[in-house]
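Fold and geometry: a report
Single-letter residue listing:
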Amino acid sequence: MTKAEVITKISDKTGIQKDDVTQTVEAFFKVVKDSMADGENIYVRGFGSFINKKRAKKIARNISQNTAIVIDEHYVPAFKPSKVFIEKIKNSKKIKELAPQD
């Protein structure tokens, strides 16, 4: 599902104009990105957490040149779903229908 499809679905379910929904969704994404860039994590109860994960310093290899590269400690954005969210997906009948049968 694309962002445009999400906006359409929200608009259809709430009756709010697509332009207003688009502005709200874009504002949400901007708040998430800006907050995480400032080092803040975002916790949405019943949905999940947008967190900055710390990656340790490590040595990697450039195979083509056969050289070692030092990758400094850094942070990457991550999403951790809540237990409620995970259970909803685990118990979804549609997901089970899509899963390959052994």
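Residues numbered from 1 in each chain as written. Predicted model: local features only at pLDDT ≥ 70, side-chain atom pairs only at ≥ 80, totals over all residues. Heavy atoms only, no water.

What the domain assignment reports for the chain is domain 1 (1-40) and domain 2 (49-101). Each of domain 1 and domain 2 has a C-alpha centre, and the two are 23 Å apart. Opposite the five residues of domain 1 that make contact, domain 2 presents five residues. Of the roughly 330 Å² buried between domain 1 and domain 2, counting both surfaces, carbon and sulfur atoms make up 67%. If you look at where domain 1 meets domain 2, you find zero salt bridges. (Domains from an automatic or database assignment. Contact = heavy atoms within 4.5 Å. Buried area = accessible area lost by both parts, 1.4 Å probe. Salt bridge = Lys/Arg side-chain N within 4 Å of Asp/Glu carboxyl O.)

Moving on: helix α1 (residues 3-14). Helix length check: α1 (twelve residues) gives 16 Å between terminal C-alpha atoms against 16 Å at 1.5 Å per residue, within 8%. Among the residues trailing α1, G15 stands out with phi positive, at a value near 80 degrees. (Helix = DSSP H or I, 4+ residues; strand = E, 2+ residues; numbered from the N terminus. Expected span 1.5 Å × (residues − 1).)

It is worth spelling out unusual backbone geometry at this point. Positive phi outside glycine occurs at N66, with the angle close to 55 degrees. Along the chain, N66 falls in the loop between β3 (58-62) and β4 (67-71).

All right, on to a positive patch on the surface then. Positive charge collects at one region of the surface, where K53, R55, K58, K80 and K83 lie side by side. With respect to the helices and strands, K53 occurs in strand β2 (residues 48-55). With relative accessibility at 39%, the residue K53 sits in the partly exposed group. (Patch = residues over 30% accessible without salt bridge, like charges linked within 9 Å, V, L, I, M, F, W, Y side chains within 5 Å. Areas by Shrake-Rupley, 256 points an atom, 1.4 Å probe, with all protein chains shown as cover. Lys, Arg positive; Asp, Glu negative; His and termini not counted. Charge placed at Lys NZ, Arg CZ, Asp CG, Glu CD. Buried < 20%, exposed > 50% of the residue type's maximum accessible area, 1.4 Å probe, protein only.)

Turning to the side chain of S49, a few remarks are in order. Examined against the element boundaries, S49 turns out to sit in strand β2. Excluding residues that lie within four positions of it along the chain, S49 makes contacts with I42, Y43, A78, F79 and K80.

Across the sheet, three strands lie side by side as β1-β2-β5; this open sheet has antiparallel pairing. Either end of the sheet is taken by a strand with one partner, and the two such strands are β1 (42-44) and β5 (74-81). Put simply, the sheet's adjacent strands are angled 30 degrees from each other on average, direction ignored. Relative to β2, β1 is paired through three bridges, and the arrangement is antiparallel. Across the sheet, the residue bridging to V44 is G48, located in β2. Across the face of the sheet, helix α2 (residues 18-37) comes into contact with β1, β2 and β5 while running at roughly 30 degrees to β2. (Pairing = 2+ DSSP bridges. Axes fitted to C-alpha atoms, helices over the stretch in contact; angles between N-to-C directions.)

A separate point is the pattern of salt bridges. Counting across every chain of the model gives four salt bridges. Two residues, K90 and E87, come together in a salt bridge whose shortest N-O distance is 3.9 Å. One end of the pair, K90, and the other, E87, are both in helix α3 (residues 83-90), three residues apart, so they sit about a helical turn from each other. The exposed category is assigned to K90, whose relative accessible area is 53%. For E87, a relative accessible area of 38% corresponds to the partly exposed category.

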